[in-house]
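Letter by letter, the chains look like this.
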Amino acid sequence: MAEELILVERQARPGIAVLRLNRPADLNALNLELMTQLRDRLQELEQDADVRICVLTGNERAFAAGADIKQMAGRTAVDMWQIDQFAIWDGIRRFKKPLIAAVSGFALGGGCELAMLCDMIVASDTAQFGQPEIKIGVIPGAGGTQRLTRAIGKARAMELVMSGRFIDAVTAERWGLVNKIVPASTYLEEALRFAQPFAQMSPLALRAAKEAVNGAYENHLQEGLLQERRNFYLLFSSEDQKEGMAAFVEKRKPEWKGR
Ligand code: CO8
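All values reported here derive from a predicted model rather than from experimental measurement. (Residues numbered from 1 in each chain as written. Predicted model: local features only at pLDDT ≥ 70, side-chain atom pairs only at ≥ 80, totals over all residues. Heavy atoms only, no water.)

J.: How would you explain the overall build of the protein if you had to name every residue and give the values?
T.: Across its full length, the protein holds 12 helices and 10 strands. Taking 259 residues into account, the globule formula puts the C-alpha radius of gyration at 18 Å, and the protein, at 19 Å, falls close to it. Structurally, the protein occupies a C-alpha span of about 60 × 45 × 40 Å along its principal axes. Counting only residues that meet the buried cut, the protein has 44% of its 259 residues in that class. For the protein, restricting intrachain contacts to residue pairs at least 6 apart in sequence, the fraction spanning at least 24 positions comes to 67%. (Helix = DSSP H or I, 4+ residues; strand = E, 2+ residues; numbered from the N terminus. Rg over C-alpha atoms; globule rule 2.2 N^0.38 Å. Buried < 20%, exposed > 50% of the residue type's maximum accessible area, 1.4 Å probe, protein only. Contact = heavy atoms within 4.5 Å.)

Here you go:
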């Protein structure tokens, strides 16, 4: 049986699954096998109606220290093109449920890009973010130059991408890369606490919200506005919208059906 490079706990809290990157000896370096398993586990969780939110984490020392340099080092451009690892990354990007990164320790290179591929980031006070690819003669390849620039602005992204230097959790929060800083000793617990309110919401509305915010993030404003409007209208044909608004008017808690 293949080594389990992603450990899944389906009901870490009601409605919340935790996926743990599991190559601790290599600081969770993201090799092809790990990324494939991550995409496959997410696809399974997408079909699981009991799971509303996923939290992606590593361990206290490292979220992930980047793509696996040892695996990549000897490859040619044609090898990279044929392996097409980015198709796997695209599969993860299309995951429809909220995905929260719980980052402790290193989130570097592909590790930082993976955290940014998530919808939100909770960082332990020991977290370090960076795009050090320049130090090994390349540049970020899994969206780092794009997502980091959108998250922290051009000047700061240029500085990090061109120097390869790391920033700590406090700087990452100040620059808008992370949502919240929590103590390292309890970081996963805190991330689950952070995730809990989202698990109370209508799964349909969460999916529409994710798609719409990503519309703003990934497309031009006009395209994003249209996408937002379309999703907004669409929700008015759902039972959850009727239930949510009725519950508000009747001053009671809504019961979501996911329809
Ligand atoms: N790849 C492979 N192995 C790694 C990686 C990595 N990225 N990072 C750490 N390791 C391994 C080390 O080789 C070491 O293994 P061993 O014990 O067998 O020698 C083990 O993890 C522990 O690491 P260190 O001994 O180096 O630990 P330190 O605490 O001294 O240093 C650092 C920690 C600073 C994180 C250091 O390990 C480091 O600099 N790592 C590399 C960081 C880096 O350059 N990341 C970017 C990689 S390139 C990339 O991510 C491009 C993404 C593009 C898209 C991906 C799709 C193809």
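J.: Describe the packing of helix H4 (residues 86-93) against helix H5 (residues 110-117), naming the residues involved and giving the relevant values.
T.: The geometry of H4 relative to H5 is characterised by a closest axis approach of 10 Å and an angle of 30° between their N-to-C directions. By the criterion of interaxial angle, the relationship of H4 to H5 is roughly parallel. Where H4 crosses over H5, the two elements pack in a sense that is right-handed. Here Trp 89, Ile 92 and Arg 93 of H4 lie close against H5, whose contacting residues are Gly 110, Glu 113, Leu 114 and Leu 117. Its residues assigned to classes, the contact of H4 with H5 comprises four nonpolar, one polar and two charged. (Axes fitted to C-alpha atoms, helices over the stretch in contact; angles between N-to-C directions. Parallel < 35°, antiparallel > 145°, perpendicular 65-115°, else oblique. Left-handed = near helix turned anticlockwise from the far one by under 90°. Nonpolar A, V, L, I, M, F, W, Y, C, P; charged D, E, K, R; others polar.)

J.: Report on the site of the ligand, specifying residues and quantitative values.
T.: Surveying the vicinity of the ligand reveals 24 residues, the closest of which are Arg 61, Ala 65, Ala 67, Ile 69 and Gly 110. In this structure, a nitrogen atom belonging to the ligand sits 3.0 Å away from a main-chain N or O atom of Ala 65. Take Gly 110: an N or O atom from its main chain is 2.8 Å from an oxygen atom of the ligand. About the coverage of the ligand: the protein hides 68% of its 1,100 Å² of free accessible area. Elements represented by at least two residues in the shell around the ligand include exactly helix H2 (69-72), H4, strand S6 (106-108) and H5. Of the residues contributing to the shell around the ligand, the split by class is 13 nonpolar, five polar and six charged. (Near = heavy atom within 4 Å. Polar contact = N/O pair within 3.5 Å; in protein donor to acceptor, adjacent residues only side chain to side chain. Areas by Shrake-Rupley, 256 points an atom, 1.4 Å probe, with all protein chains shown as cover.)

J.: Before we move on, can you summarise the sheet that holds S6 with the specific residues and values?
T.: Judged by pairing direction, the sheet is mixed, and its four strands sit side by side in the order S4-S6-S8-S9 without closing on themselves. Each edge of the sheet is formed by a strand with only one pairing partner; in this case those strands are strand S4 (62-64) and strand S9 (167-168). In this structure, S4 lies alongside S6, joined through two bridges in parallel fashion. Residue pairing for S6: Ala 64 is matched across the bridge by Ala 107. (Pairing = 2+ DSSP bridges.)

J.: Break down the packing of aromatic side chains for me, citing the residues and quoting the values.
T.: Per the stated rule, a full pass over the model turns up three aromatic pairs. When the ring of Phe 106 is compared with that of Phe 166, the centres are 6.5 Å apart and the planes differ by 70°; the resulting orientation is edge-to-face. Here Phe 166 lies in the loop between helix H7 (154-163) and S9 and Phe 106 lies in strand S6, a separation of 60 residues in the sequence. Classification of Phe 166 by relative accessible area gives partly exposed; the value is 31%. (Phe/Tyr/Trp six-rings, centres within 6.5 Å; stacked < 30°, edge-to-face > 60°.)

J.: Explain the packing of helix H6 (residues 144-152) against H7 to me, and be specific about the residues and the numbers.
T.: Look at H6 against H7: their axes get within 7 Å of each other, and the N-to-C directions meet at 135°. Comparing the axis directions of H6 and H7 gives the class oblique. The crossing of H6 and H7 is right-handed. Here H6 contributes Thr 145, Leu 148, Thr 149 and Ile 152 to the contact with H7, which in turn contributes Lys 154, Arg 156, Ala 157, Leu 160 and Val 161. Here the contact of H6 with H7 is composed, by residue class, of five nonpolar, two polar and two charged.

J.: Could you give me a rundown of H5, with the residues and numbers involved?
T.: Judged by how many residues are buried, H5 sits mostly within the fold: eight of eight residues are covered. Those residues of H5 lying buried are Gly 110, Gly 111, Cys 112, Glu 113, Leu 114, Ala 115, Met 116 and Leu 117.

J.: Let's hear about the sheet that holds strand S7 (residues 120-124): which residues, and what values?
T.: Overall, mixed pairing links the six strands, which are arranged S1-S2-S3-S5-S7-S10 in an open sheet. Of all strands in the sheet, those bounded by a partner on one side alone are strand S1 (6-13) and strand S10 (180-182). In this sheet, adjacent strand axes meet at a mean angle of 25° when their direction is disregarded. Across five bridges, the pairing between strand S2 (residues 16-21) and strand S3 (residues 53-57) is parallel. Paired with Arg 20 across the bridge in S3 is Thr 57. Taken strand by strand, helix H1 (residues 32-46) contacts S1, S2, S3 and strand S5 (99-103), and its axis lies near 30° from that of S1.

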